[in-house]
Amino acid sequence: MKNILILPGDGIGPEIMAEAVKVLNVANDKFDLGVELSHDDLGGAAYDRYGVPLADETLERARVADAILLGAVGGPKWDTIDPALRPERGLLKIRSQLGLFGNLRPALLYPQLAAASTLKPEVVSGLDILIVRELTGGIYFGQPRERKVLDNGERMAYDTLPYSESEVRRIAKVAFDMAMVRNKKLCSVDKANVLASSQLWREVVEEVARDYPEVELSHMYVDNAAMQLVRAPKQFDVIVTDNMFGDILSDQASMLTGSIGMLPSASLDAGNKGMYEPCHGSAPDIAGQGVANPLATILSVSMMLRYSFNEVAAADAIEQAVSLVLDQGLRTGDIMAEGCQKVGTVQMGDAVVAALKNL
Ligand code: NAD
Ligand code: IPM
Ligand code: MN
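Residues numbered from 1 in each chain as written. Chains lettered and ligands numbered in written order. Predicted model: local features only at pLDDT ≥ 70, side-chain atom pairs only at ≥ 80, totals over all residues.

The protein chain is annotated in an unreviewed UniProt entry as 3-isopropylmalate dehydrogenase from Halopseudomonas phragmitis. What UniProt states about the protein chain under its Subunit (unreviewed entry) heading is, verbatim, "Homodimer." (UniProt positions renumbered as here; feature names shortened; annotations may be inferred.)

In structure tokens:
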């Protein structure tokens, strides 16, 4: 049995999750996956139900699950509560408590969507980048962090950006391993011209590189990387970077693929355990309207089958079904283009289900 915990979350989370679960159920029948689903709340939904964004019992369920599928968390309803109880804190806690340090964010342009990108088709056509983001360290978790009032009455706050060499080494290994099964090119992105943590990062990545002589390693400052990503994104194969830079660069890279609604992710521990979620958030501006793009979540199901369960045929089939639906010209609003048919969240999910059944 494959025990999968479903956490729909907030905003568009439940809408996109319903479609992803439909697809997962069809894949389960078709490929005899032996999937068993359980459901719980995370984020704002958990705060409303349990008074905390991640309840102990939910964390325990996540610990015993083989994999977790997450929608998205957060929203204006919870933006003004005690910061320690914000929905996002639940997400950070589950990542940290489960040791999900390796975040894979593939930015792949489906050729059918070349016109949906805000960049020229020739800049993005054939794009296939993997961003490997460190997910349980750095400025997101660094201590001390504090907000206080100075003697002169001024408010001040600070965060800390720490990395230990073991934290850098393990994420670098993930990135080099990924580069080995792709195009053997790795770009490590940092701010080593300014930050001590980045100087250590660069040193350790160089050390790890000695075990991967076939991989061509380069280093780039994050400001230049942001520019290069829109100037000539196809120069990249695998990018490895820290928690915050990876957060920002992956949203930026998503627009190369047409929409943030297309970017799935895997957050992995040192073994096969993983949490899978779209890179986007709870999109409060479109929540409840039935217009959100469910493909990032559906593609996250594919990543789950690939990385946690090694169900390669089923994972490939879901990706193929998504591609077939795009061939049919069906588009949610975020990827809409001339001559295509605009559909809602449910219709898009139904179309992927139909395509998958017919494969
Ligand atoms: P967002 O990703 O939710 O939305 C940014 C823009 O992209 C919005 O215009 C939204 O409508 C659009 N968008 C996002 N997903 C889409 C989809 N599937 N289909 C179509 N359009 C889509 O980012 P935000 O507005 O900065 O954040 C909103 C909330 O989500 C905040 O509370 C934030 O903390 C949270 N958030 C959560 C996660 C997560 O759970 N992993 C990730 C990012 C942001
Ligand atoms: C993401 C999100 C989260 C992050 C937030 C909601 C904590 O933006 O998954 O990309 O910054 O990691
Ligand atoms: Mn983000």
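From this point, the narrative continues.
*Asks:* Talk me through the UniProt feature "domain: Isopropylmalate dehydrogenase-like" (unreviewed entry) in the protein chain; I want residue IDs and the actual numbers.
*Replies:* What UniProt calls "domain: Isopropylmalate dehydrogenase-like" (unreviewed entry) maps, in this numbering, to residues 3-352. Secondary structure content for residues 3-352 is 40% helix and 20% strand, while the C-alpha to C-alpha distance between its ends is 23 Å. (Helix = DSSP H or I, 4+ residues; strand = E, 2+ residues; numbered from the N terminus.)

*Asks:* Can you break down the site of ligand 1 residue by residue, with the values?
*Replies:* Contacts to ligand 1 come from 22 residues, most closely from G74, G261, H280, G281 and N293. Classifying every residue of the shell around ligand 1 by side-chain character gives eleven nonpolar, seven polar and four charged. (Near = placed C-beta within 6 Å. Nonpolar A, V, L, I, M, F, W, Y, C, P; charged D, E, K, R; others polar.)

*Asks:* Lay out the nonpolar core with the relevant residues and their values.
*Replies:* The tendency in soluble globular proteins is for nonpolar side chains to be buried side by side. Membership of the largest hydrophobic core comes to 109 residues, with the highest contact counts inside it found for V23, I68, I239, Y276, V301, I318 and V352. Top element by residues in this core is helix α10 (residues 295-307). It accounts for nine residues. Shared between two domains, this core holds at least three residues of each, these being domain 1 (1-101 + 272-359) and domain 2 (118-257). For V352, the residues in contact, after removing those within four places along its chain, are V23, I298, A321, V322 and V325. (Core = buried A, V, L, I, M, F, W, Y, C linked by C-beta atoms within 7 Å. Buried ≥ 20, exposed ≤ 12 C-beta atoms within 10 Å, placed from the backbone. Domains from an automatic or database assignment. Contact = placed C-beta atoms within 7 Å.)

*Asks:* Go over the site of ligand 2, please, and point to the residues and values.
*Replies:* Contacts to ligand 2 come from G74, E88, L91, L92, D247, C279 and G281. Ranked by residue count, the leading element in the shell around ligand 2 is helix α4 (residues 87-97), at three residues. When grouped by side-chain class, the residues that make up the shell around ligand 2 number three nonpolar, two polar and two charged.

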